[in-house]
Amino acid sequence: MGHRDRHVRRLARLGQCRSRPWAKGVGLLCLLLPLPGGILSAQDGGLNPPSFIAFSNLLEEPGLIRYNRVEAISVGTRATFGSHGWLGDLTVRLGSADRKPNASVVLRRRSTFGELFVEAALGLRGTQPFDAPLGFENSVGAVVTGRDLGEYLREQGGRVGLRAFDGSWSVAVRAVSEQPVTVEPQRVWSLFRHEGLNQPAGTGIERPLANVNQTRRLLIEGILTQVWGRDPHRPSLRFGANGFANANYGGVVVRSALKLPMRTGERRQARPMFSLHIQNEVGAVSARAPAQDWRTVGGSWSVRGWEPGSLRGSRWVIGRAQANVDLVFTTVGAFFDAAVVGQAGQPFAPTRTRGSSIGVELAFLDGAIRVELATRLGQPDGVQVEGGLARPW
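Engineer: Describe in detail the pairing of strand S13 (residues 274-285), supporting the description with residues and values.
Structural biologist: Burial along S13 is one-sided: Ser275, His277, Gln279, Glu281, Gly283 and Val285 are buried, while Phe274, Leu276, Ile278, Asn280, Val282 and Ala284, pointing the other way, are not. Judged from the 12 bridges that link them, strand S12 (residues 250-262) and S13 form a sheet pairing that is antiparallel. For valine 253, the partnering residue across the bridge sits in S13 and is glycine 283. By the bridge criterion, 11 bridges tie S13 to strand S16 (residues 315-326) in an arrangement that is antiparallel. Its bridge partner lying in S16, glutamine 279 is registered against arginine 320.

Engineer: Which residues make up a nonpolar patch on the surface, and what are the values?
Structural biologist: Together, Val360, Leu362, Phe364, Leu365, Ile369, Val371 and Leu373 make up an exposed nonpolar region whose accessible area comes to about 530 Å². Of all the secondary structure elements, the ones that give two or more residues to the nonpolar patch are strand S18 (354-364) and strand S19 (369-376). Using a relative accessible area of 38% as the deciding quantity, one classes leucine 373 as partly exposed.

Engineer: Before we move on, could you go through the pattern of salt bridges and cite the residues and values that matter?
Structural biologist: Within the structure shown, the criterion is met by 25 salt bridges. A salt bridge links aspartate 337 to arginine 304; its shortest N-O distance comes to 2.7 Å. With aspartate 337 in strand S17 (residues 330-342) and arginine 304 in the loop between strand S14 (295-297) and strand S15 (311-313), this pair connects stretches of sequence that are 33 residues apart. Note on accessibility: aspartate 337 and arginine 304 belong to one class, buried. Connected through shared salt-bridge partners, Glu61, Arg78, Asp89, Arg108, Arg110, Glu115 and Arg163 make up one network.

Engineer: How would you explain the pairing of strand S7 (residues 114-126) if you had to name every residue and give the values?
Structural biologist: Where strand S6 (residues 101-110) lies against S7, 8 bridges are found, and the strand directions are antiparallel. When the sheet's bridge partners are listed, leucine 107 is paired in S7 with valine 118. Pairing geometry for S7 and strand S8 (residues 152-165), over 13 bridges, is antiparallel. Considered in S8, the bridge of valine 118 is made with valine 160.

Engineer: Before we move on, could you go through the environment of glycine 157 and cite the residues and values that matter?
Structural biologist: Tracing the sequence through the fold places glycine 157 in strand S8. Between the alpha carbons of glycine 157 and arginine 217 there is a distance of 9.5 Å; along the sequence they are 60 residues apart.

Engineer: Give a detailed account of helix H3 (residues 136-145), specifying residues and quantitative values.
Structural biologist: Of the residues making up H3, those classed as buried are Asn138, Ser139, Gly141, Ala142 and Thr145. Taken down its axis, H3 places every buried residue within 165 degrees of arc, on the same side. After H3 finishes, the residue glycine 146 shows a positive phi value of roughly 75 degrees.

Engineer: If you had to explain the confidence of the model for the protein chain to someone new, which residues and values would you point to?
Structural biologist: The share of residues in the protein chain with pLDDT of 70 or more is 72%, and the mean pLDDT across the chain is 77. Taken as a whole, residues 1-49 scores under 50 in pLDDT and shows 73 contacts with residues more than four places along the chain or in a different chain. Note on residues 194-206: pLDDT is under 50 here. Beyond four places in sequence and across chains, it has 37 contacts.

Engineer: Tell me about the nonpolar core, and please be specific about residues and values.
Structural biologist: Core analysis: the biggest nonpolar cluster contains 9 residues, these being Val253, Val297, Val303, Trp306, Leu311, Trp316, Ile318, Ala339 and Val341. Of all the secondary structure elements, the ones that give two or more residues to this core are S16 and S17. With near-sequence residues (within four places) excluded, valine 253 lies in contact with Pro129, Phe130, Gly240, Ala241, Asn242, Glu281, Val282, Gly283 and Trp316. One finds Val176, Leu219, Phe244 and Ala289 within the second-largest nonpolar core, a separate group that totals 6 residues.

Engineer: Pulling in residues and values, what's your account of the environment of glutamine 292?
Structural biologist: Positionally, glutamine 292 belongs in the loop between S13 and S14. Along the sequence, glutamine 292 and glutamate 151 sit 141 residues apart, while their C-alpha atoms lie 8.3 Å from each other.

Engineer: Lay out the packing of aromatic side chains with the relevant residues and their values.
Structural biologist: For the coordinates displayed, the defined rule picks out 1 aromatic pair. Their ring planes at 70 degrees and their centres at 6.5 Å tell us that phenylalanine 244 and tyrosine 249 sit as a pair that is edge-to-face. The side chain of arginine 304 reaches across the aromatic face of phenylalanine 335, ending 3.8 Å from its centre. In this arrangement the basic side chain of arginine 376 is found over the ring face of tryptophan 306, its NZ or CZ atom lying 4.3 Å from the centre.

About the criteria used
Residues numbered from 1 in each chain as written. Predicted model: local features only at pLDDT ≥ 70, side-chain atom pairs only at ≥ 80, totals over all residues. Heavy atoms only, no water. Buried < 20%, exposed > 50% of the residue type's maximum accessible area, 1.4 Å probe, protein only. Helix = DSSP H or I, 4+ residues; strand = E, 2+ residues; numbered from the N terminus. Pairing = 2+ DSSP bridges. Patch = residues over 30% accessible without salt bridge, like charges linked within 9 Å, V, L, I, M, F, W, Y side chains within 5 Å. Areas by Shrake-Rupley, 256 points an atom, 1.4 Å probe, with all protein chains shown as cover. Salt bridge = Lys/Arg side-chain N within 4 Å of Asp/Glu carboxyl O. Arc of directions from axis to C-beta. pLDDT = per-residue confidence, 0-100. Contact = heavy atoms within 4.5 Å. Core = buried A, V, L, I, M, F, W, Y, C linked by side-chain atoms within 4.5 Å. Phe/Tyr/Trp six-rings, centres within 6.5 Å; stacked < 30°, edge-to-face > 60°. Lys NZ or Arg CZ within 6 Å of the ring centre and 35° of its normal.

So this is what it looks like as structure tokens:
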């Protein structure tokens, strides 16, 4: 049963799903407060309305609460609505540290071949196209280990575009108008890092955020994703590419993730006990591109064992390899990560712009919870511990 149908039936049983004049008032109240979700229908009876609005709470969507080094705890609410062939999402939230509102609205209209979408946003976002610093997984890692992996800016702008998709691929082209705004890190704490969330362990120095060029800009973006093989017991390849350009500069990022399960003997029909994972990322932006488009390296999304933001550049190559063994209650993996970072128009410099690490990962609940132990190669600073709720790639 779908998200919408569950709430329609729940409210219908309670006698609350009616087309009455007070329905709009109740809808506004549900939008402002994290109350149990529900649907208000524009059609009497409401079990299959042509127009609807549904509200989500924190129990249904844990992502409505997040934790990072700019907002500290940020709590929001979400409304999903539809009318005359359009589907929409409205999300509003407020951070406890910066006390600045965040709001976004997305409208979609689907057809046989794809969808038209319109977005407007005011609030915090990450600077890296493939990372998800505002997701639930990074929030839990920030609370527990004190490692917020994100680079942030505050955006004011909108996007309009077209997306075509099939079962295994998706391609989108969109026009972007945005006004980036620099944000300041707040003094935010974690459970086991008394230095504070912003500081590398033992340094007493806050990790800075990206130096944002605050000039309004217009961009054309293209996004391509492709998946070959969805059976977890067979080889699979995931591919993604993101490019942007305007009259002055441009950039492109390409990422791939290959999984190779290995079957042996009598286990050929069972779940593979061994698997090899290879992940790569290659990217470059032109010399005129603003600093927020540069890549930052360090942490679970790039080179584990290095502090987030240890390396930064306008062109980069990242490679990760990991061999896993599935045991009864856990998965044990040994990994090697490496990255080379440089600047546009200049050759790759020696060791200052290179980083690598080796380590071990322990994953539980089919990879839902992970703990990583990593050491930086060529650096005498011991083992770094990272953790989270899901595999980042």
